[in-house]
Amino acid sequence: MAKLAAAFELALPPRDPTVPAYRWLYASLRAEILCGRLRPGARLPSTRDLANQYGLARGTIVNAFEQLKSEGYVEGSVGSGTHVSKVLPEKLLHVSSERVVLDHAARLALHLKRQPLSDYGRRAKLFSGYENRPIRAFRANLPALDLFPTTLWTKITLRCLRRISTRQLMGCDPLGYIPLRQAVAQYLSTSRGVRCVAEQVAIVSGVQEALDLTARLLLSPGDRVCVENPGYPGAVLVFQASRARIFAAGVDNEGIEIRQLPSHGVRLIYVTPGHQFPLGTTMSLARRLQLLEWARKSGATIFEDDYDSEYRYSGRPIPALQGLDDRGLVLYAGSFSKVLFPALRLGYVVVPFDLLHHFEAIQSLTSRHAPLLEQLVLTDFITEGHFGRHLRRMREVYAERLSVLLEEARLRLAGLLEISNVEAGLQTAGWLGGGIDAESAAAAAAKRNVDVTPIDRYSQGKVVPEGLQLGFAALDVKEIRRGVRELAIALEGERKAFHRGSRSARR
């Protein structure tokens, strides 16, 4: 026994004082078993001997042994001692000792080799969405998170939790919490000119889920879908995963170019008329009417993504495309993520009556329904007037930030980047001059801690001049000015490099 105890003394690692004694002993003995130094059938020292050797309470040893027994690493009974199990749990699971030390990625790779994927699984591609990187000039698609009233939101949340009922804990209808649907319907009718009643409103996790549900509802493999070019990549990825045939139509200063659209054979068209993504233009009233007429004649359904047009800075608000539709051709979707904060995964879809039952059935099979607590909180946030006040405040803040961006760009970026004076939204586009390449410009800007996105990344083929997307809503005035200064230095360097290359080529 002394010889075996000495072997233990050599094998067991020093104890970490932050780890409970029984966990340290359990982990140490398990490691000895897995690596083979304690072989199957080997007898372990008695609990009394181990307690004396390591200066531990006997109860500590007993707890460690009981944990090993419960997991199948040791076995024994009173009078016969404790032995290493002859068949270890890893053997029963057909896991070799080498497999135990594989990292997560390697285990996943081995698993995927054994499991064939469905056609959908092979087509689906990762859509990064929100990335956890620093908020700096000119990160796009983010609201001013530091100005969100978190204290108020917390107060409402606690109140909702205190009064939540057993019935609410059970969940809600697939289409969402009825008072929230009523509040959204009223808001959309008064603020966005949407024609709807609460029964048509479906609460979803956001526009991305709305796209997925719509694709399941309307698209069969081989169906044709039209998208804006350049346009929102999240929509394209959904349609590709559904095995749709994608037709990309160009965008001018009035919106999607109707003359480029096929006259028939289109099942669905995706558009962002309130604030085109990524160019930032607003679809004209004439173009909206043309699009509705084209959809009527071609038999296509329109998916209107009104993702951030609550924030409008000039001119009179243009009603939603859906508000001009009297034939039920438009599914209208929006999200609270851009208006409030991205982690609030709540949005809405206004569904034509003839599709409503089918949409509800599909939603019941996927997400079942959106999280109810967040719906309760958002309902009170809207009905008590906080939502409207927050929108008005943010509209003023974003208008000021856009104005600063445009003024700084006029002073420092002339001849380098011409920034569009958008009427709505959280970001805008700028067009490069002086022969500057957008990808090279983005790389040079990143070295100076400036975040810009080449417009070409949103294109199906190269269809637009060299340009960059710039966000302004999430940035204070000081950061906007810093960003413009640093971007000007980066772009000037790229312009000089282009001219040096041009002179060398002429020689």
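Bear in mind that the values here come from a model prediction, so they are computed numbers and not experimental data. (Residues numbered from 1 in each chain as written. Predicted model: local features only at pLDDT ≥ 70, side-chain atom pairs only at ≥ 80, totals over all residues. Heavy atoms only, no water.)

### Observations regarding the overall build of the protein chain
Phase 1 of the analysis: Counting secondary structure elements, the protein chain contains 19 helices and 14 strands.
Phase 2 of the analysis: In the protein chain, buried positions account for 48% of the 507 residues.
Phase 3 of the analysis: Relative to all contacts within the protein chain whose residues are 6 or more apart in sequence, the contacts with residues 24 or more apart total 72%.
Phase 4 of the analysis: Accessible area of the protein chain: about 25,000 Å², with a carbon and sulfur share of 53%. (Helix = DSSP H or I, 4+ residues; strand = E, 2+ residues; numbered from the N terminus. Buried < 20%, exposed > 50% of the residue type's maximum accessible area, 1.4 Å probe, protein only. Contact = heavy atoms within 4.5 Å. Areas by Shrake-Rupley, 256 points an atom, 1.4 Å probe, with all protein chains shown as cover.)

### What to know about the sheet that holds strand S13 (residues 453-454)
Phase 1 of the analysis: Strand order in the open sheet formed by 4 strands is S11-S12-S14-S13, with antiparallel pairing between adjacent strands. If you trace the sheet from one side to the other, it starts and ends with strand S11 (417-419) and S13, each paired once. (Pairing = 2+ DSSP bridges.)

### Details of empty space enclosed by the protein
Phase 1 of the analysis: The full count for this structure, using the stated rule, is 1 cavity of 30 Å³ or more.
Phase 2 of the analysis: Space inside the largest cavity adds up to approximately 50 Å³.
Phase 3 of the analysis: As for the largest cavity, its lining consists of Arg-192, Gly-274, Thr-282, Arg-288, Ser-309, Arg-312 and Ile-318.
Phase 4 of the analysis: The class makeup of the residues in the lining of the largest cavity is 1 nonpolar, 3 polar and 3 charged. (1 Å grid on protein atoms, 1.4 Å probe; cavity = no way out; pocket = protein on both sides within 12 Å on 5 of 7 lines; lining within 4 Å. Points joined across faces, edges and corners; volume = space filled by probe spheres on them. Nonpolar A, V, L, I, M, F, W, Y, C, P; charged D, E, K, R; others polar.)

### Focus: the nonpolar core
Phase 1 of the analysis: In this structure, Phe-138, Phe-336, Leu-340, Tyr-398 and Leu-413 are the most contacted members of the largest nonpolar core, which totals 74 residues.
Phase 2 of the analysis: Per-element accounting of this core gives the leading share, 9 residues, to helix H17 (residues 386-412).
Phase 3 of the analysis: Apart from residues lying up to four places away in sequence, Phe-138 is in contact with Leu-405, Val-450, Asp-451, Val-452, Gln-469, Leu-470, Gly-471, Leu-475, Ile-480, Gly-483, Val-484 and Leu-487.
Phase 4 of the analysis: Among the nonpolar cores identified, the runner-up in size contains 33 residues, and Leu-218, Val-238, Leu-268 and Tyr-270 belong to it. (Core = buried A, V, L, I, M, F, W, Y, C linked by side-chain atoms within 4.5 Å.)

### Some words on the sheet that holds strand S6 (residues 255-256)
Phase 1 of the analysis: The 8 strands are arranged S3-S10-S9-S8-S7-S4-S5-S6 in an open sheet whose pairing can be described as mixed. The strands lining the two open edges of the sheet, one partner per strand, are strand S3 (201-204) and S6.
Phase 2 of the analysis: Seen against the sheet, helix H11 (residues 178-192) touches S3, strand S9 (330-335) and strand S10 (347-350) and runs at an angle of roughly 110° to S3.
Phase 3 of the analysis: Across the face of the sheet, helix H15 (residues 353-365) comes into contact with S3, S9 and S10 while running at roughly 20° to S3. (Axes fitted to C-alpha atoms, helices over the stretch in contact; angles between N-to-C directions.)

### Structural notes on H15
Phase 1 of the analysis: Looking at H15, one finds that the buried residues are Leu-355, Leu-356, Phe-359, Ile-362 and Gln-363.
Phase 2 of the analysis: On its buried face, H15 is in contact with S3, helix H12 (207-218), S9 and S10.

### Observations regarding the pattern of salt bridges
Once the charged atoms of two side chains with opposite charge are near each other, the side chains can pair.
Phase 1 of the analysis: Overall, the coordinates contain 18 salt bridges when judged by the stated rule.
Phase 2 of the analysis: With a closest N to O distance of 2.7 Å, Arg-495 and Glu-492 form a salt bridge. Of this pair, Arg-495 and Glu-492 both sit in helix H19 (residues 477-506), separated by 3 residues, roughly a single helical turn.
Phase 3 of the analysis: Since its relative accessible area comes to 22%, Arg-495 is described here as partly exposed.
Phase 4 of the analysis: Several salt bridges share partner residues, and in doing so they unite Arg-159, Arg-163, Asp-380 and Glu-384 into one network. (Salt bridge = Lys/Arg side-chain N within 4 Å of Asp/Glu carboxyl O.)

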